[in-house]
Amino acid sequence: MERRSSHAKCLTNACSGFQVLPFVGFAVAMFLFYSLVPVLLKMNGAAMLNLSLLTSDMWTVFIRIFAYHQRVDWLYFVAFGSVAIGLFIYSWGQKEEDKIYNTVANESTDPSKNGDEEANIGDSEQGAVSISPQEETALLNKGS
């Protein structure tokens, strides 16, 4: 019902910038959200994204204060501070954990050092062993 009346107003009269501005703002916000979420996921992971989304309630607090001129309870600010501190601690601790994991996993960022072990392609230090088909058959028969 509202869509028809607003659509009719835009068709009969020239739409003002104030009528179009919310739609443009929403489109820009969605573009930024869907463009930056993959970056955040790649850099910090899904847990960091979920923790960051907890801060979205503060937009409601800002709108309530500045647009509607209403007071909010002081616990909103305590909750926001707690979430912000939690995000900082989580992101700080995660980097140390990633360094340990990368050291243990011995992952190399150089693609030339990551070969295919089964095809015996790549660095010989990875422990790939080349055997003939006859030797493979003999090993398989010996195990049976």
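For clarity, every value in this text was computed on a predicted model and none was experimentally measured.

Thresholds, definitions, all that
- The residue numbering used here restarts from 1 in each chain and proceeds along that chain's sequence as written.
- Totals for whole chains, interfaces and linings use every residue, but because this is a predicted model, local features are given only for residues with pLDDT of at least 70 and side-chain atom pairs only at 80 or more, for both listing and counting.
- Each side-chain value is worked out from all heavy atoms of the structure, with water and hydrogens disregarded.
- Going along the chain from the N terminus, every DSSP run of H or I of four or more residues is numbered as a helix, and every run of E of two or more is numbered as a strand.
- Here's how the labels work: a residue is buried when its accessible area is under 20% of the maximum for its type, exposed when over 50%, partly exposed in between, all with a 1.4 Å probe on protein chains only.
- What makes two residues a contact is simply this: any of their non-hydrogen atoms within 4.5 Å.
- Areas reported here follow the Shrake-Rupley algorithm with a probe of radius 1.4 Å; residue values treat only the protein chains shown as occluding.
- In this analysis the probe radius is 1.4 Å and the grid spacing 1 Å, with only protein atoms considered; a cavity is a set of points the probe fits into but cannot get out of, a pocket is an open set with protein on both sides within 12 Å along at least five of seven lines, and lining residues have an atom within 4 Å of a point.
- Grid points are joined across faces, edges and corners, and a volume is the space filled by probe spheres set on the points.
- Here the nonpolar group is Ala, Val, Leu, Ile, Met, Phe, Trp, Tyr, Cys and Pro; Asp, Glu, Lys and Arg are the charged ones; every other residue, Gly included, is treated as polar.
- Each axis is a line fitted through C-alpha atoms, taken for helices only over the stretch in contact, and angles between the N-to-C directions span 0 to 180 degrees.
- For this classification, under 35 degrees means roughly parallel, over 145 means roughly antiparallel, 65 to 115 means roughly perpendicular, and everything else is oblique.
- Working definition: a ring pair exists when centres of Phe, Tyr or Trp rings (six-membered ring for Trp) sit within 6.5 Å. Plane angles under 30 degrees give stacked, over 60 give edge-to-face, the rest tilted.
- For every residue, the predictor assigns a confidence score, pLDDT, that lies between 0 and 100.
- Residues adjacent in sequence count toward polar contacts only when both atoms are side-chain atoms; beyond that, a polar contact is any pair of N or O atoms within 3.5 Å, and within protein one must be able to donate a hydrogen and the other to accept it.

### Notes on the overall build of the protein
(1) Moving on: When helices and strands are tallied, the protein shows six helices and zero strands.
(2) Moving on: Counted from the first residue to the last, the protein has its helices and strands arranged as α-α-α-α-α-α.
(3) Moving on: With 144 residues in all, the protein has 7% of them scored as buried.
(4) Moving on: Long-range pairs, those at least 24 residues apart, make up 29% of the contacts in the protein with a sequence separation of at least 6.
(5) Moving on: Surface accessibility of the protein: about 12,700 Å² in total, with carbon and sulfur atoms responsible for 64%.

### Some thoughts on the layout of surface pockets
(1) Moving on: Here the largest pocket is characterised by a volume of approximately 370 Å³.
(2) Moving on: Taken together, 14 residues line the largest pocket, and the ones lying closest to its centre are Leu32, Phe33, Leu36, Val37 and Leu53.
(3) Moving on: Every element with two or more residues in the lining of the largest pocket is listed here: helix H2 (17-44), helix H3 (46-53) and helix H4 (57-66).
(4) Moving on: When residues in the lining of the largest pocket are grouped by element, the largest group, six residues, is from H2.
(5) Moving on: In terms of residue class, the lining of the largest pocket is built from eleven nonpolar, three polar and no charged.

### A word on the packing of H2 against H3
(1) Moving on: Remark: H2 packs on H3, axes separated minimally by 7 Å, with the N-to-C direction vectors making an angle of 130°. Viewed along their axes, H2 and H3 adopt a mutual orientation that is oblique. Residues Phe33, Val37, Leu40, Leu41 and Asn44 of H2 pack against Ala46, Met48, Leu49, Ser52 and Leu53 of H3.
(2) Moving on: Each residue belonging to the contact of H2 with H3 can be placed in one class, and the counts come to eight nonpolar, two polar and no charged.

### Quick notes on the packing of aromatic side chains
Aromatic ring pairs: the centre-centre distance and the angle between the two ring planes describe each pair.
(1) Moving on: Taken as a whole and judged by the stated rule, the model has three aromatic pairs.
(2) Moving on: Between phenylalanine 33 and tyrosine 34, the aromatic rings sit 5.3 Å apart at their centres with planes inclined by 80°, giving edge-to-face as the arrangement.
(3) Moving on: Taking the relative accessible area as the measure of exposure, tyrosine 34 reaches 58% and is therefore exposed.
(4) Moving on: Put simply, the rings of Trp59, Phe62 and Phe66 pair up and form one aromatic cluster.

### As for the confidence of the model for the protein
(1) Moving on: With 63% of its residues at a pLDDT of 70 or more, the protein has an overall mean of 76.
(2) Moving on: By mean pLDDT, helix H1 (residues 2-12) is the weakest element of the protein at 62, and H2 is the strongest at 90.

### Points about the environment of serine 56
(1) Moving on: Counting through the fold element by element, serine 56 comes out in the loop between H3 and H4.
(2) Moving on: The exposure class of serine 56 is partly exposed, given its relative accessible area of 37%.
(3) Moving on: Sequence separation between serine 56 and phenylalanine 80 is 24 residues, and the spatial gap between their C-alpha atoms is 9.5 Å.
(4) Moving on: Engagement of the side chain of serine 56 in a polar contact is seen with the backbone oxygen of leucine 53, the distance being 2.7 Å.

### What to know about unusual backbone geometry
(1) Moving on: Not every positive phi belongs to a glycine, and histidine 69 is a case in point at roughly 55°.
(2) Moving on: Position of histidine 69 relative to the elements: it lies in the loop between H4 and helix H5 (75-105).

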